[in-house]
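Structural description and commentary
Here's the letter readout for the chains.
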Amino acid sequence: MSRSAPTRSMRLRRSVLSVPAVNRRALQKTHELDCDAVIFDLEDSVAVERKAEARDNLKEFFSGPSLVSKERIIRINALSSSFGNADLDLVLALEPEAVLLPKVNEPQDIMAISDRLADADAPEALRIWAMIETPRGILNAAAIAEAGRTAGSRLDCFVVGLNDLRKETGVLPQPGRTYLVPWLMQVVLAVRAYGLDAIDSVFNDFKDMNGLENECLDGHAMGFDGKMLIHPDQIEVANRCFGLNDIDVAEAEAIIAAFADPAAAGLNVVDLNGRMVERLHLVQAQGLVHKARLIAERKTT
Ligand SMILES: CC(C)(COP(=O)(O)OP(=O)(O)OC[C@H]1O[C@@H](n2cnc3c(N)ncnc32)[C@H](O)[C@@H]1OP(=O)(O)O)[C@@H](O)C(=O)NCCC(=O)NCCSC(=O)C[C@H](O)C(=O)O
Ligand SMILES: [Mg+2]
């Protein structure tokens, strides 16, 4: 059975599409796309001289019809940059589901933005997402995730940024991401230790669907909750690879039924068609069936 331990938020985050806030046509396009979440990017996809225009576009977009059944995340520029304060003011005005902080290096980065949101009386529902994309971010992943446990912290999700990480480390792009896998797994371990979600990095070759599928399957096997995407054509592949198949769901339902059988009362271990199943598998199975329900609900909205 696939990994399915329930996470703290248990939101569907199979496909997280980045949209440059400077691109008004692409912003409008998000209404018709089947991604689970949209990152409205004010950072690296927006040229320095167009940052203000990008903020105006977002203001206009958020004043229009709401996105249906999609999480909305705004990626701001670093608070230490000359754009950070205006971006954060915009987040406070628009109240998306989350703000995404780029290039997080250490727990203090999370505490600084948490304090800013608290000082501004931001709604409790406003979460913090963190890009983990620098050598220090990877080295400190566990400590940064632990900052999510600190009172007042709204930390909810990590997004890996391999373009920045490759730039900083010199690791070359390669199919299979051999030399990056230990760092990717360090991120997954950190989020699992502290009840956060993790989104795998973008796949730049947006016309290469086989390459994307292989990387999504790898990311899913590594334990990521979904993939950051750059193009609408990537959504179907990510939804499929980070979704569920009928066999997984049937198996989960069989485990739930086996433990619901009165014969299993008082048992922590049962025999399911020649395979040992423990109560920890029951918890996984319940998480998986819950995810299946979320996916089915999304299809009907
Ligand atoms: C990569 C692109 C520049 C390609 O653009 P383009 O050549 O214009 O694409 P198409 O002509 O194939 O587009 C077809 C239609 O789809 C719409 N479109 C394209 N991309 C998006 C999108 N991201 N969201 C919504 N809609 C999109 C086009 O408008 C076309 O629509 P229509 O005219 O109606 O047919 C472009 O895809 C792009 O800009 N992608 C996003 C780039 C981005 O967000 N970059 C930042 C995130 S990457 C990152 O964060 C890296 C990380 O930090 C790290 O360090 O690794
Ligand atoms: Mg980056």
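Residues numbered from 1 in each chain as written. Chains lettered and ligands numbered in written order. Predicted model: local features only at pLDDT ≥ 70, side-chain atom pairs only at ≥ 80, totals over all residues. Heavy atoms only, no water.

An unreviewed UniProt entry annotates the protein chain as CoA ester lyase of Rhizobium tubonense. The UniProt entry for the protein chain carries the following text under Sequence similarities (unreviewed entry): "Belongs to the HpcH/HpaI aldolase family." What UniProt states about the protein chain under its Cofactor (unreviewed entry) heading is, verbatim, "Mg(2+)". (UniProt positions renumbered as here; feature names shortened; annotations may be inferred.)

1. Thoughts on the overall build of the protein chain
Assigned secondary structure in the protein chain consists of twelve helices and ten strands. Taken over the C-alpha trace, the protein chain has a radius of gyration of 20 Å; the compact-globule value for 301 residues is 19 Å, and the two agree within 12%. By residue count, 49% of the 301 residues in the protein chain fall in the buried class. A separation of at least 24 residues holds for 73% of the contacts in the protein chain among residues at least 6 apart in sequence. Summing over all exposed atoms, the protein chain offers an accessible surface of approximately 14,100 Å²; the carbon and sulfur share of this is 53%. Side chains of the protein chain carry 34 positive and 44 negative charges; the gap between the two charge centres is 2 Å. (Helix = DSSP H or I, 4+ residues; strand = E, 2+ residues; numbered from the N terminus. Rg over C-alpha atoms; globule rule 2.2 N^0.38 Å. Buried < 20%, exposed > 50% of the residue type's maximum accessible area, 1.4 Å probe, protein only. Contact = heavy atoms within 4.5 Å. Areas by Shrake-Rupley, 256 points an atom, 1.4 Å probe, with all protein chains shown as cover. Lys, Arg positive; Asp, Glu negative; His and termini not counted. Charge placed at Lys NZ, Arg CZ, Asp CG, Glu CD.)

2. Some thoughts on the site of ligand 1
Around ligand 1, the structure places 22 residues, and the nearest of them are Ser18, Arg25, Asn163, Ile230 and His231. One of the backbone nitrogen or oxygen atoms of Leu162 is found 3.2 Å away from an oxygen atom of ligand 1. Between ligand 1 and Asp164, the relevant distance is 3.0 Å, taken from an oxygen atom to a main-chain nitrogen or oxygen of the residue. In isolation ligand 1 offers 1,000 Å² of accessible surface; the protein chains occlude 69% of this area. Elements with a contribution of two residues or more to the shell around ligand 1: strand 1 (15-20), helix 1 (24-29) and helix 7 (162-169). Residue contributions to the shell around ligand 1 peak at four residues, all from strand 1. Considering only residue class, the shell around ligand 1 consists of eleven nonpolar, five polar and six charged. (Near = heavy atom within 4 Å. Polar contact = N/O pair within 3.5 Å; in protein donor to acceptor, adjacent residues only side chain to side chain. Nonpolar A, V, L, I, M, F, W, Y, C, P; charged D, E, K, R; others polar.)

3. A look at the UniProt feature "domain: HpcH/HpaI aldolase/citrate lyase" (unreviewed entry) in the protein chain
Mapped onto the present numbering, the UniProt feature "domain: HpcH/HpaI aldolase/citrate lyase" (unreviewed entry) falls at residues 14-232. With 41% helix and 18% strand, residues 14-232 has its two end C-alpha atoms placed 13 Å apart.

4. Comments concerning the coordination of the magnesium ion (ligand 2)
Here the magnesium ion (ligand 2) is held by Glu133 (OE) and Asp164 (OD), and the distances to it run 2.0 to 2.1 Å. One end of the pair, Glu133, is in the loop between strand 5 (127-132) and helix 5 (135-139); the other, Asp164, is in helix 7, with 31 residues separating them in the sequence. Like Glu133, the residue Asp164 is buried in the burial classification. (Donors = N, O, S within 2.8 Å, 3.2 Å for Na, K, Ca; no water.)

5. Remarks on the nonpolar core
One broad trend across soluble globular proteins is that nonpolar side chains are buried collectively. With 63 residues, the main nonpolar core has Phe40, Leu58, Ile74 and Phe158 as its most contacted residues. Residue contributions to this core peak at five residues, all from helix 8 (residues 181-194). Not counting the four nearest positions on each side in its chain, Ile74 is found in contact with Phe40, Leu42, Leu58, Phe62, Val91, Leu94, Pro96, Ala98, Val99 and Leu100. (Core = buried A, V, L, I, M, F, W, Y, C linked by side-chain atoms within 4.5 Å.)

6. Topic: the domain arrangement of the protein chain
The domain boundaries assigned to the protein chain delineate domain 1 (15-241) and domain 2 (246-299). Each of domain 1 and domain 2 has a C-alpha centre, and these two points are 32 Å apart. (Domains from an automatic or database assignment.)

7. Brief notes about the pairing of strand 1
The element strand 1 is extensively covered by neighbouring structure, given that five of its six residues are classed as buried. Direction of pairing for strand 1 relative to strand 8 (residues 226-229): parallel, over a ladder of three bridges. Bridging from a neighbouring strand, Leu17 pairs with Leu229 of strand 8. Following the backbone out of strand 1, through helix 1 and into the adjacent parallel strand 2 (residues 37-41), one traces a crossover that is right-handed. (Pairing = 2+ DSSP bridges. Right-handed = clockwise from strand over helix to strand, strands pointing away.)

8. Digging into the UniProt feature "binding site: substrate" (unreviewed entry) in the protein chain
Per the UniProt record, "binding site: substrate" (unreviewed entry) is found at Arg75 and Glu133. Across 59 residues in sequence, these annotated residues keep their C-alpha atoms within 13.8 Å of one another, forming a single compact spot. Looking at the element boundaries, Arg75 is found in strand 3 (residues 71-75). With relative accessibility at 7%, the residue Arg75 sits in the buried group. Residues within four places of Arg75 in sequence aside, it is in contact with Ile39, Phe40, Asp41, Leu42, Glu43, Asp44, Leu100, Met131 and Met228. Given the relative accessible area of 2%, Glu133 is considered buried. Beyond its immediate chain neighbours, meaning those up to four positions away, Glu133 contacts Pro102, Lys103, Gly161, Asp164 and Leu165. In this structure the side chain of Glu133 is engaged in a polar contact, spanning 2.9 Å, whose partner is the backbone nitrogen of Lys103.

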